[in-house]
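Residue-level listing of the chains:
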Amino acid sequence: MDLIKLNGYTPPSPSTFEVNFADVNGEKTQVEDGTTFIEQVRADVPKIKVGWTNLTQEEVEAITSECAQAIVNVNFYYGTMLSAKCTCSDRSLKLKAIDNNNVTYWNLSFTLEG
């Protein structure tokens, strides 16, 4: 099963995958009787944390080229497949190993926020 697609590209199955939904709130005001009013700007905004281990250089290049765009069209699994327009942040790329044939293996992770 595909957990995530980035602009239509299906990367290898991730090693870590976490989806959270949060509300984006604006101004919070309190009136004299103690009642608090919170202006909700957007509800159920997805935040997707995804990571891979042991990626080849070609796989890293394919995934990072999709995330280099200002807006990433993401299809992701949350009980069913959902879609969102996201930005990519908190990117991390770490060299894991170099084998005897000089093939590199990488750990890659980032956060997609709707």
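Fair warning: this is a prediction, and the values are worked out from it, not measured in the lab.

(A) Layout of the overall build of the protein chain. Scanning the protein chain from N- to C-terminus turns up one helix and six strands. When its helices and strands are written in sequence order, the protein chain yields β-β-β-α-β-β-β. Rg of the C-alpha trace for the protein chain: 18 Å, well past the compact-globule value of 13 Å for 114 residues, more than 25% over. Projected onto the principal axes, the alpha-carbon positions of the protein chain cover approximately 70 × 25 × 25 Å. Counting all 114 residues of the protein chain, 25% fall into the buried class. Sequence-distant contacts, at least 24 apart, represent 59% of the contacts inside the protein chain between residues at least 6 apart. Entry remark: accessible area of the protein chain is about 7,300 Å², with carbon and sulfur atoms responsible for 46%. Charged side chains in the protein chain number 9 positive and 15 negative. The centres of these two groups are separated by 4 Å.

(B) Highlighting the packing of aromatic side chains. Under the definition given, this model contains three aromatic pairs. Pairing Phe21 with Phe76 gives two aromatic rings, centres 6.3 Å apart and planes at 40 degrees, and the pair type is tilted. Highlighted residues: Phe21 in strand E2 (residues 16–30) and Phe76 in strand E4 (residues 72–77), separated in sequence by 55 residues. Here Phe21 falls in the partly exposed class, since its relative accessible area comes to 30%. On the basis of relative accessible area, Phe76 is assigned to the buried category, the value being 1%.

(C) Looking closely at the pairing of strand E6 (residues 104–113). Inspection of the sheet shows strand E5 (residues 81–98) paired to E6 by nine bridges, in the antiparallel sense. Bridge assignment links Leu95 to a residue of E6, and that residue is Trp106. Taking the residues that link successive antiparallel strands as the turn, the E5-E6 hairpin has five residues, and the phi of Asn102 there is positive, at about 60 degrees.

(D) How the structure looks around unusual backbone geometry. Backbone geometry at Asn54 places phi at a positive 60 degrees, although glycine is not the residue there. Mapping Asn54 onto the fold places it in strand E3 (residues 36–56). Given the relative accessible area of 42%, Asn54 is considered partly exposed. Even without being glycine, Asp90 reaches a positive phi, approximately 50 degrees. The residue Asp90 is located in strand E5 in this model. On the basis of relative accessibility, which here comes to 58%, the residue Asp90 falls in the exposed class.

(E) Structural context of the nonpolar core. Among the nonpolar cores identified, the biggest contains 20 residues, and Leu6, Ile48, Trp52, Ile63, Val74, Phe110 and Leu112 are the most heavily contacted of them. In this view, Leu112 contacts Ile4, Leu6, Pro46, Lys47, Ile48, Val74, Cys86, Thr87 and Cys88; residues no more than four positions away in its chain are not counted.

Thresholds applied
Residues numbered from 1 in each chain as written. Predicted model: local features only at pLDDT ≥ 70, side-chain atom pairs only at ≥ 80, totals over all residues. Heavy atoms only, no water. Helix = DSSP H or I, 4+ residues; strand = E, 2+ residues; numbered from the N terminus. Rg over C-alpha atoms; globule rule 2.2 N^0.38 Å. Buried < 20%, exposed > 50% of the residue type's maximum accessible area, 1.4 Å probe, protein only. Contact = heavy atoms within 4.5 Å. Areas by Shrake-Rupley, 256 points an atom, 1.4 Å probe, with all protein chains shown as cover. Lys, Arg positive; Asp, Glu negative; His and termini not counted. Charge placed at Lys NZ, Arg CZ, Asp CG, Glu CD. Phe/Tyr/Trp six-rings, centres within 6.5 Å; stacked < 30°, edge-to-face > 60°. Pairing = 2+ DSSP bridges. Core = buried A, V, L, I, M, F, W, Y, C linked by side-chain atoms within 4.5 Å.

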